[in-house]
Amino acid sequence: KHGTTNVIALDDEGNLAVGVSTSGLAMKFPGRVGDSPILGAGIYCSDKAGSACTGTGELAIRLSTTRLVVDRVHRDIDIDKSTEMGILELKQLKEEGVLHIISMDKSGQCAAFTNKDGLYHYYADSSMEDPEKRQSVFLKI
Ligand code: ASP
């Protein structure tokens, strides 16, 4: 209905893909791009993990959020911790804003963290008839 949409998919051969719709930010300045199409900011994927953001894109641009999440997985930090750190890194910035990060590794482990209470995401695998609504982990920072 509104906002940016993130999708992460894993096929049965272990291939990961990430998609992010174009920025859904309302009332944005003409010409503003946002984090959605910037690889490493709002979207990033490797052969080991994928990650995507919604929220205040400037935060993800300044911190290279999704690139760093995926990089941590490459350094053997699990997907939960890697994604959680993406939110904790917001403390480095003076700017306020909301960030919601979803991630998945090539084994299908998922993580979703946010600094805004009440955000959620959906999970589905081939054994499920319908997607399941899951609460994202809220970190008060
Ligand atoms: N991240 C998007 C942007 O800043 C907005 C959104 O997620 O809805 O452009």
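Structure: above.
Now for a look at the structure at hand. Note on numbering: residues in each chain are counted from 1, in written sequence order. A pLDDT threshold of at least 70 governs which residues receive local features in this predicted model, and a stricter bar of 80 or more applies before side-chain atom pairs are shown or counted, although totals over entire chains, interfaces and linings include all residues. Excluding hydrogens and water, the side-chain figures rest on all heavy atoms present in the structure.

What follows is about the side chain of Ser36. A run of H or I in DSSP counts as a helix once it spans at least four residues, and a run of E counts as a strand once it spans at least two, with each numbered from the N terminus. Following the sequence through the fold, Ser36 ends up in the loop between β2 (16-20) and β3 (43-45). Here the term buried applies to any residue with accessible area under 20% of the maximum for its type, exposed to any over 50%, and partly exposed to those in between, with areas from a 1.4 Å probe on protein chains only. Assessed through its relative accessible area of 4%, Ser36 is described here as buried. Working rule for contacts: check all heavy atoms of both residues, and any pair within 4.5 Å makes them a contact. In this structure, Ser36 is in contact with Thr4, Val20, Ser21, Thr22, Ser23 and Ile43, ignoring residues within four places of it in sequence.

Attention now goes to the site of the ligand. Consider each residue's heavy atoms; a residue with any of them within 4 Å of a molecule or strand counts as near. Around the ligand, the neighbouring residues are Gly3, Thr4, Ser23, Gly24, Leu25, Arg32, Gly34, Asp35, Thr54, Gly55 and Gly57. Two N or O atoms count as a polar contact when they lie within 3.5 Å, although within protein this holds only if one can serve as hydrogen donor and the other as acceptor, and sequence-adjacent residues are included solely when both atoms are side-chain atoms. Between the ligand and Gly57, the relevant distance is 2.8 Å, taken from an oxygen atom to a main-chain nitrogen or oxygen of the residue. The Shrake-Rupley method, run with a 1.4 Å probe sphere, supplies the accessible areas, and residue values consider only the shown protein chains as cover. When isolated, the ligand has an accessible area of 270 Å², and the protein chains bury 94% of it. Along the lines of polarity and charge, the residues of the shell around the ligand split into one nonpolar, eight polar and two charged. Polar here means any residue other than Ala, Val, Leu, Ile, Met, Phe, Trp, Tyr, Cys and Pro, which are nonpolar, and Asp, Glu, Lys and Arg, which are charged; Gly is therefore polar.

Quantified by volume, the largest pocket comes out at close to 780 Å³. Grid points spaced at 1 Å and placed over the protein atoms alone form the basis of the search, with a cavity being a set where a 1.4 Å probe fits but cannot get out and a pocket an open set showing protein on both sides within 12 Å along at least five of seven lines. Lining residues have an atom within 4 Å of a point. Lining the largest pocket are 25 residues, and of these Asn6, Ile8, Ile102, Tyr122 and Tyr123 lie nearest its centre. Elements represented by at least two residues in the lining of the largest pocket include exactly β1 (6-10), β5 (99-105), β6 (110-114) and β7 (120-123). With five residues, the single largest contributor to the lining of the largest pocket is β1. When the residues that make up the lining of the largest pocket are grouped by side-chain class, the tally is 15 nonpolar, nine polar and one charged. Grid points are joined across faces, edges and corners, and a volume is the space filled by probe spheres set on the points.

A carboxyl oxygen of Asp or Glu within 4 Å of a side-chain nitrogen of Lys or Arg is what we treat as a salt bridge. If you walk through the whole model with that rule in mind, you get seven salt bridges. Across the salt bridge formed by Arg72 and Glu89, the nearest N and O atoms sit 2.7 Å from each other. Taken as a pair, Arg72 in helix α2 (residues 65-74) and Glu89 in the loop between α3 (79-88) and β5 lie far apart in primary sequence, 17 residues in all. Glu89 sits in the buried class, given a relative accessible area of 13%. Here the salt bridges share partners, and the residues they tie into one network are Arg67, Asp71 and Arg75.

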